[in-house]
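Reading the structure
These are the residues of each chain, in order.
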2 protein chains.
Amino acid sequence: MTTAAPASEAARQHTLRERNLELVARAVFEAPGPLSRADVAAATGLARATVSTLVDRLVAGGLLRELPAVGGGRAGRPGVPLVPAPRTVVGVGLEANVDYLGLRVLDLTGDVVAERVLDGAFHDSDPALVLGRLGELARDVVDGLRAQGITVAGARLALPGLVDARAGRLEVAPNLGWSSLVPVPLLGLDLPVEIANEAKLAALAELAGPVPGSFLYVSGDVGIGAAIVVERALFLGERGWNGEIGHVVVDPAGPRCSCGAFGCLEQYAGKEAILRGAGLPPDAPLADLLSLLADGGRAPSAGASAEAERAGAAVRTAGRALGSALADFVNLVDVSTVVLGGAYTDLLPWLRPDVEAVLVERVLAAPLVRIDVRAAAAGPQAALTGGAREVLRGVLGDPAAWV
Amino acid sequence: MTTAAPASEAARQHTLRERNLELVARAVFEAPGPLSRADVAAATGLARATVSTLVDRLVAGGLLRELPAVGGGRAGRPGVPLVPAPRTVVGVGLEANVDYLGLRVLDLTGDVVAERVLDGAFHDSDPALVLGRLGELARDVVDGLRAQGITVAGARLALPGLVDARAGRLEVAPNLGWSSLVPVPLLGLDLPVEIANEAKLAALAELAGPVPGSFLYVSGDVGIGAAIVVERALFLGERGWNGEIGHVVVDPAGPRCSCGAFGCLEQYAGKEAILRGAGLPPDAPLADLLSLLADGGRAPSAGASAEAERAGAAVRTAGRALGSALADFVNLVDVSTVVLGGAYTDLLPWLRPDVEAVLVERVLAAPLVRIDVRAAAAGPQAALTGGAREVLRGVLGDPAAWV
DNA sequence: CCGCATTTGTTGTACGACTGAACTATTGCG
DNA sequence: CGCAATAGTTCAGTCGTACAACAAATGCGG
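Rules used in this analysis
Residues numbered from 1 in each chain as written. Chains lettered and ligands numbered in written order. Predicted model: local features only at pLDDT ≥ 70, side-chain atom pairs only at ≥ 80, totals over all residues. Heavy atoms only, no water. Helix = DSSP H or I, 4+ residues; strand = E, 2+ residues; numbered from the N terminus. Rg over C-alpha atoms; globule rule 2.2 N^0.38 Å. Buried < 20%, exposed > 50% of the residue type's maximum accessible area, 1.4 Å probe, protein only. Areas by Shrake-Rupley, 256 points an atom, 1.4 Å probe, with all protein chains shown as cover. Lys, Arg positive; Asp, Glu negative; His and termini not counted. Charge placed at Lys NZ, Arg CZ, Asp CG, Glu CD. Least-squares fit on C-alpha atoms with pLDDT ≥ 70 in both. Contact = heavy atoms within 4.5 Å. Axes fitted to C-alpha atoms, helices over the stretch in contact; angles between N-to-C directions. Parallel < 35°, antiparallel > 145°, perpendicular 65-115°, else oblique. Salt bridge = Lys/Arg side-chain N within 4 Å of Asp/Glu carboxyl O. Polar contact = N/O pair within 3.5 Å; in protein donor to acceptor, adjacent residues only side chain to side chain. Expected span 1.5 Å × (residues − 1). Arc of directions from axis to C-beta. Near = heavy atom within 4 Å. Nonpolar A, V, L, I, M, F, W, Y, C, P; charged D, E, K, R; others polar. pLDDT = per-residue confidence, 0-100. Pairing = 2+ DSSP bridges.

A separate point is the overall build of chain A. A tally of regular secondary structure across chain A gives 12 helices and 15 strands. Here the C-alpha radius of gyration of chain A, 24 Å, is about what a compact globule of 403 residues would show, namely 22 Å. With the C-alpha coordinates aligned to their principal axes, the bounding extent of chain A is approximately 70 × 60 × 50 Å. When the 403 residues of chain A are sorted by exposure, 54% land in the buried category. Element-wise, carbon and sulfur atoms account for 52% of the exposed surface of chain A, whose accessible area totals about 16500 Å². The centroid of the 35 positive side-chain charges in chain A is displaced by 7 Å from the centroid of its 45 negative side-chain charges.

Relative to chain B, chain A is turned by 180° and slid 0.0 Å along the rotation axis, the superposed coordinates differing by an RMSD of 0.1 Å. Such a turn and shift between the copies fits a two-fold axis. Within chain A, D251 of chain A has its C-alpha nearest the rotation axis, a separation of 2.7 Å. An overlap of 100% is found between the interface residues of chain A and their copies at the interface of chain B, pointing to a shared contact surface.

Here the focus is the environment of A60 of chain B. All names here are of chain B. Residue position: A60 is located in helix 3 (residues 48-61). Exposure remark for A60: the relative accessible area of 69% places this residue in the exposed category. Along the backbone, A60 and E9 are 51 residues apart, and their C-alpha atoms lie at a distance of 29 Å.

This part is about the packing of helix 10 (residues 306-333) of chain A against helix 10 (residues 306-333) of chain B. Orientation of helix 10 of chain A relative to helix 10 of chain B, taken along the N-to-C sense of each, is 75°, at an axis distance of 10 Å. Here helix 10 of chain A lies roughly perpendicular to helix 10 of chain B, going by the angle between them. Taking contact as the criterion, the partners of D328, F329, L332 and V333 of chain A in helix 10 of chain A are, on helix 10 of chain B, D328, F329, L332 and V333 of chain B.

A word on the side chain of D328 of chain A. In this structure, D328 of chain A sits in helix 10. Lacking a salt bridge, the buried D328 of chain A has R362 of chain A as its closest oppositely charged neighbour, with an N-O distance of 4.9 Å. Separated by 3.1 Å, the side chain of D328 of chain A and the backbone nitrogen of V249 of chain B make a polar contact. Here D328 of chain A is in contact with V248 and V249 of chain A together with H247, V248, V249 and D328 of chain B, once residues within four sequence places are set aside.

Let's shift gears to helix 4 (residues 127-147) of chain A. Residues and elements named next belong to chain A. Taking 1.5 Å as the rise per residue, helix 4 with 21 residues should run 30 Å; its terminal C-alpha atoms sit 29 Å apart, in good agreement. Those residues of helix 4 not exposed but buried are P127, V130, L131, L134, G135, L137, A138, V141, V142 and L145. Down the axis of helix 4, the buried set is contained in an arc of 165°. They therefore lie on one face. Every exposed residue of helix 4 that faces more than 90 degrees away from the buried side is listed here: L129 and A147. The secondary structure elements touched by the buried residues of helix 4 are strand 3 (89-96), strand 4 (100-107), strand 5 (112-119), strand 6 (151-159), strand 9 (178-181) and helix 5 (184-187).

Before going further, it helps to spend a moment on the protein's contact with DNA strand D. Around DNA strand D there are 27 residues in total, and Q13, S52 and V80 of chain A together with Q13 and R17 of chain B lie nearest to it. Among all atoms of DNA strand D positioned within 4 Å of the protein, those belonging to sugar or phosphate total 67%. A distance of 2.4 Å separates a base nitrogen of DNA strand D from a polar side-chain atom of Q13 of chain A. Mapped onto the surface near DNA strand D, the elements with two or more residues apiece are helix 2 (37-44) and helix 3 (48-60) of chain A together with helix 1 (13-30) and helix 3 of chain B.

In the vicinity of DNA strand C there are 27 residues, among which R17 of chain A together with Q13, S52, G76 and V80 of chain B approach most closely. Near-protein atoms of DNA strand C (within 4 Å) split between backbone and bases, with sugar and phosphate holding 63%. Between DNA strand C and the protein, one listed contact pairs a base nitrogen with a side-chain N or O atom of Q13 of chain A at 3.0 Å. Within the side chain of R17 of chain A, a nitrogen or oxygen atom sits 2.7 Å from a phosphate oxygen of DNA strand C. Mapped onto the surface near DNA strand C, the elements with two or more residues apiece are helix 1 (13-30) and helix 3 of chain A together with helix 2 (37-44) and helix 3 of chain B. With 5 residues, helix 1 of chain A is the largest single contributor of residues to the surface near DNA strand C. Tallied by class, the residues present in the surface near DNA strand C amount to 10 nonpolar, 10 polar and 7 charged.

A separate point is the confidence of the model for chain A. Per-residue pLDDT for chain A averages 93, and the proportion of residues at 70 or more is 96%. Taken together, the stretch residues 1-7 of chain A has pLDDT below 50 and engages in 20 contacts with residues farther than four places along the chain or on a different chain.

This part takes up the packing of helix 1 of chain B against helix 12 (residues 382-397) of chain B. Residue and element names in this part refer to chain B. At a minimum axis distance of 8 Å, the contact between helix 1 and helix 12 shows a crossing angle of 135°. The angle between the axes of helix 1 and helix 12 places the two elements in the oblique class. Of helix 12, the residues touching helix 1 (which contributes E22, A25, R26 and F29) are R393, L396 and G397. Partitioning the contact of helix 1 with helix 12 into residue classes produces 3 nonpolar, 1 polar and 3 charged.

Here we come to the interface of chain A and chain B. Contacts between chain A and chain B engage 74 residues on the former and 75 residues on the latter. The interface formed by chain A and chain B includes 2 salt bridges. For the salt bridge of R239 of chain B with D334 of chain A, the shortest nitrogen-to-oxygen distance reads 2.6 Å. Where chain A packs against chain B, one counts 28 residue pairs in polar contact (both at pLDDT 80 or more). Broken down by element, the side of chain A that touches chain B gets its largest block of residues, 8 residues, from helix 1 of chain A.

Residue and element names in this part refer to chain B. In space, the 3 strands of this open sheet follow the order 7-8-9, with antiparallel pairing throughout. The two strands at the open ends of the sheet, each matched to only one other strand, are strand 7 (162-164) and strand 9 (178-181). Going from strand to strand, the sheet's axes swing by 15° on average, the running direction of each strand aside. Where strand 8 (residues 169-173) meets strand 9, 3 bridges bridge the pair, whose relative direction is antiparallel. In the sheet register, L170 faces strand 9, and the bridge partner there is L181.

Another point: the pattern of salt bridges. Between side chains of opposite charge, pairing is possible as soon as their charged atoms come close. All names here are of chain A. This structure, assessed with the given rule, holds 34 salt bridges over all chains. Here R374 makes a salt bridge to D372, at a shortest N to O gap of 2.8 Å. A relative accessible area of 26% places R374 in the partly exposed class. Ionic contacts of the salt-bridge type, sharing partners, join the residues E22, R26 and E30 into one network.

In structure tokens, the structure reads:
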């Protein structure tokens, strides 16, 4: 006989229990308001008896909390409202980026339990130093939470570069000047920490808002990163190195890019390229560009200043280039919503006309579907929120481990 | 209380049974050789007793067959070899394309049980007529199989266009001249038939061979279609309209494409574009181009004929363009193997140098991973094989329904 | 040729998880 | 105050897997 291919996993009885525990937990966590045990039974299709035992376990484990019963206006015994338990289990989002490092702690209700943000300039920095500093910040916060009896489930570290999440390895982060290193030990945290690409985690933060289940997230900064979300889950490709839209071909006759190729999107729609095109220094704050644009917008035909005109032209160039790269992205991946984050969020009003025009022109399915281009809804440092949410999603996926 | 979000699905006891039945079936079907019950137990992690009852059920249902025991050379009672049952349950792959229509029937062992291929020219054809003819062919074959007591599990219809598989709707197939129609009823088959894009199914046919679990499949013909396979499963995007690599930007200053945009890949690396570039009529057989290329290759420096030189140049242009589009694809999706099908399979020796050179230049992760470009291994009409395999995969995914 | 070690497959009991129905608890309403 | 309605709990029933013991079949050494 021969050795069989390693099949997924045998289902035992406790597999049932775990899966239904997850089902019940998700039902409560993803509901817009409190649910009773009977509501959960109706929503999941499980018998009321089963739901009761599962809920009891989740309540005992501290993931769910029972609120005082309240008359529902209807006849019959009122149900006991169940809600995610606040400040019992939390997830930590960490980030080391070019212009700041920080962390954010969320609990199961989605509340921010703690936050630290440290602005700085970490171009070509020493990873041991930077991650050591971040680790200190985090240790301080985590110890404080544990002293209050709060369980810290784990952390995600967001990094701006090619990340091999399985191996826990940062292959290269050009703007930080880091390459080929294993960052987690440098944090010195006694927590399960996983690493991920910054744009990917920022994309997940959008899921807290009213976004559809599938979308492309594109974050424009010095570099341009992207993430693919399908049915509320990240699509990572083979190693998680996808979404490198910054180096998609816009024009093979275009300027040389830092990656060595010619005419990459980054050379048209990267932050520095836009600023330079607008006649501003490449490290100027985005606000300078925005105020120039606002001037131009206020007096469009009446003859805006030459500076304003130039800024407008630069943004229009960026918009056309971005539209072209997004069209490729949509043609290859097929998603009908594009969420623009980073610097693009504020620039969107000026980018939109050109982006949308090019999309209509180049997307093959354009006659059949409208591509919805929108601004990111998650606040600043979205990757912190996304990372913390990702940790908590893991808790929901296996509540048994925390009960 | 509020209504809960519809969660996935409650796990009952029979869910266990179904899942383990699938596990056992897969173990036997995907193994390189026969397995005994004990082997299956070892491979799946299930208890021998459990495996026995599951195997008995699969044998009774006709999905598995017991071979006569054979002395294994080892001490101990010899195991009963289990193999996929031949010619008991079969899947049907159907295709209606520009230059042919046909069907192929595979059984669980992977053998071709029946096949019909009808060459023709179906540009701008009448869907009712063409699909009616295909349905007749299929009905004939299916009736014959059923008369032999063979269970026909279902069929997949491959179509060259944008297919909404969920709605069972072909939105548009430019080369057939079909649009906005529901093809399945036109076949007139009393079988569960689902539709899918041709390139997607052709990609799945590759899984029968020694291909890695994740790859991009690109099929070059008049149009250029692609499919994304990750961990042996198709990635379909939001509606299954992904992989439209034929309309990725190669050069915004390039020629106008039939889609209305400028400089699409199809204008450089589509079959007609290559033939025209080589000085051949756009409907010339591929063999003409290949023999020109072979001439040029035989006497590369010694002064090949002007025709051969021209053909070589056209293919090099196509190779560079294809490399550029593939680089975008790899940057956006992150897969390290590219399988070239359709006309590209035979052209690969001439395309390879330029494709690989551009990939190294433009793929951001190129210093970290070698992108393996290879020819498709599935034979002609790969979509037929892929479709039939897809049906059988469905049988394996829910053996209980067929037992 | 026989007994033993070894491996396979089967049988029977135990256990865990979900279900359905009956039962209790709690509320609104006439 | 009693009835209808709804929530939550209890309990026997069923189903599927696990474990251990056992029967079956083979190779090997004496």
